[in-house]
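Residue-level listing of the chains:
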Amino acid sequence: MPTRRTGRTGRTPALRDAVAVCLAVVGVAALAAPAAGTAPRGTGPCPEGSPAHVTCTGGELAEGTPYRFVVPDRWNGIVVVDLGFVSRAADEPLTAELTGRDYAVGGTTRDVTGWRIADAIDNQASALRRFEEAVGPARWAIASGRSMGGFVSAGVAQVHPDAFDAAVPFCGGLGGAVGQWNQKLDTVFTLKNLLFPDSALPVTEIPADTERATADWRSALASAQATPAGRARIALSAAIGQLPGWGLAPDGAATPVPDPDDADAVQEGMYLALSGGSQPYIGQAMSSRRSIETLAGGTPSWNTGVDYACQFAAAGPEQRRTVRELYARAGLDVRADLRALSRAPRIEADPHSVAYLEKGIVFDGDPEIPVLTVSPVGDQISTVAQQQAYGKVVRTAGKAALLQQSYLRTVGHCTFTPAEQIAALTAMTERLATGRWSDSTTPAGLNRLADGAGKDPGRYVRYRPPVFNRPYSG
């Protein structure tokens with residue numbers, strides 16, 4: 001597992017608390033009003049399409065990863081550092097919204113590090129250091145990002161708590177690298193053994209042509225979805241893998257929230273989570289696993305000792321009802337299929353590959369800085385059960401006071417509006433200013449902040465995720 005590292009000199013928890021108490025007196029509004037003429041500036045022009053009244057600083061880190069930061073003319077002293085920043089368009093709405101509120105925003109890209117997560121985590125601290133050398137010390141540095149960027153920002157909170165003051169991970173797989181890929185193995189293993197046992201469809205040891213592997217899987221799933229038995233077994237596999245019963249249409253359009261009592265609608269949602277939209281679960285199970293296996297030198301996932309009957313019993317009530325109803329309609333016995341799964345030959349992990357994946361990263365529940373997680377309940381890639389795993393390790397470590405977890409009623413991977421992201425970052429700014437969580441991190445409070453930052457209503461909701469079925473602590 002990654003060791004903790006010291007980043008910003010002297011940035012201790014005691015100092016952060018003292019700053020918070022001081023700023024609580026003057027209030028959060030003071031953050032947007034630096035003294036005239038004191039606002040630091042970037043070192044040069046920004047790419048075409050960047051917001052007005054900003055300058056930029058950037059370059060390359062030691063191993064070649066590019067970084068860039070956008071600094072508003074009246075910087076409030078807060079910088080948001082994001083793994084995916086350099087890869088996104090200069091005119092991205094979130095950048096304009098943040099700089100319009102006087103935040104500096106920037107970061108690196110995953111295009112160089114990919115699934116070398118430990119390196120990506122360290123790069124965030126390196127990029128922040130370069131930013132402060134060029135622009136000046138930040139009052140507060142917030143690690144953030146979406147998808148792998150959310151995963152990395154939670155890693156930053158654990159590995160570099162002295163460099164950063166807070167983290168806001170959006171849609172990150174917070175079951176940890178080993179846990180989340182074991183969960184994905186369960187889904188694909190169940191699909192293969194129940195539906196396509198004699199096929200060449202891969203589960204691990206993914207071939208180099210991942211696009212072809214994904215297309216083959218999607219074609220096979222479409223054929224299975226056309227039969228009663230196929231629909232029943234897709235539902236069982238998705239329930240075991242803790243996928244949402246809500247997915248995107250093939251063209252990427254959002255679908256209505258399924259009625260939990262409508263078995264056909266829930267099963268259709270499960271199928272779409274697996275195979276719908278432009279970022280289907282089965283596609284990531286091919287492409288990312290191929291990348292990980294290549295870097296790790298073998299298979300870092302296993303299902304030896306896994307009882308799939310227990311995993312099905314732990315699924316949500318609407319998913320269990322759906323599976324039982326569809327099995328009955330198809331004239332199948334779910335218990336017989338679960339017994340067949342128990343007899344199926346298991347997949348063993350390569351210990352050296354597991355050790356590689358552990359480095360990037362297993363969450364130990366000890367972030368040391370405030371963390372606010374944000375997750376769509378219908379996310380097919382970073383399944384929402386993983387948030388339960390993260391919350392549990394934080395509570396077990398005695399750090400519950402540092403964590404708030406929030407959820408949005410939206411379908412698809414990282415499907416937030418800029419206003420919903422602004423709401424979470426604003427709520428974290430208030431937490432840093434006051435030293436405590438306020439009602440801004442409740443669904444109602446986050447929706448108020450989102451409503452004030454955009455034209456569409458916020459979609460934050462109260463939600464309790466299911467217990468993650470493949471926790472891994474190393």
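Above this text you will find the structure in question.
Nothing here was measured: the structure is a model prediction, and the numbers come from that model.

K.L.:
What am I meant to see in the layout of surface pockets here?
P.N.:
To find leftover empty space, one rolls a probe the size of a water molecule over the atoms. In this structure, the largest pocket encloses a volume near 590 Å³. For the largest pocket, the lining is made up of 28 residues, of which Pro-244, Gly-245, Glu-318, Gln-319 and Tyr-463 are closest to its centre. Within the residue set of the lining of the largest pocket, elements represented by two or more residues are helix H12 (317–330) and strand E7 (371–378). For the lining of the largest pocket, the element with the highest residue contribution is H12, accounting for four residues. Taken together, the residues of the lining of the largest pocket sort by class into 16 nonpolar, six polar and six charged. Taken as a whole, the second largest pocket spans an internal volume of roughly 430 Å³.

K.L.:
I would appreciate a short explanation of the pairing of strand E6 (residues 166–170) in the present structure.
P.N.:
Every other side chain in a regular strand lies on the same face of the sheet, so the side chains alternate between the two faces. Here E6 lies mainly inside the structure; five of its five residues are buried. Residues Ala-166, Val-168 and Phe-170 line one face of E6 and the alternating positions Ala-167 and Pro-169 line the opposite face, and both faces are buried. Where strand E5 (residues 140–146) lies against E6, five bridges are found, and the strand directions are parallel. Its bridge partner lying in E6, Ser-144 is registered against Val-168. Where E6 lies against E7, two bridges are found, and the strand directions are parallel. Residue pairing in the sheet places Ala-167 in a bridge with Val-371 of E7.

K.L.:
How do you make sense of the environment of Asp-82 when you look at a structure like this?
P.N.:
By the secondary structure assignment, Asp-82 is in strand E3 (residues 78–82). Put simply, Asp-82 and Pro-45 are 37 residues apart on the chain and 20 Å apart in space, counted from C-alpha to C-alpha. Discounting chain neighbours no more than four positions away, the residues touching Asp-82 are Arg-88, Gly-106, Gly-107, Thr-108, Gln-124, Ser-144, Gly-145 and Arg-146.

Thresholds, definitions, all that
- Residues numbered from 1 in each chain as written.
- Predicted model: local features only at pLDDT ≥ 70, side-chain atom pairs only at ≥ 80, totals over all residues.
- Heavy atoms only, no water.
- 1 Å grid on protein atoms, 1.4 Å probe; cavity = no way out; pocket = protein on both sides within 12 Å on 5 of 7 lines; lining within 4 Å.
- Points joined across faces, edges and corners; volume = space filled by probe spheres on them.
- Helix = DSSP H or I, 4+ residues; strand = E, 2+ residues; numbered from the N terminus.
- Nonpolar A, V, L, I, M, F, W, Y, C, P; charged D, E, K, R; others polar.
- Buried < 20%, exposed > 50% of the residue type's maximum accessible area, 1.4 Å probe, protein only.
- Pairing = 2+ DSSP bridges.
- Contact = heavy atoms within 4.5 Å.

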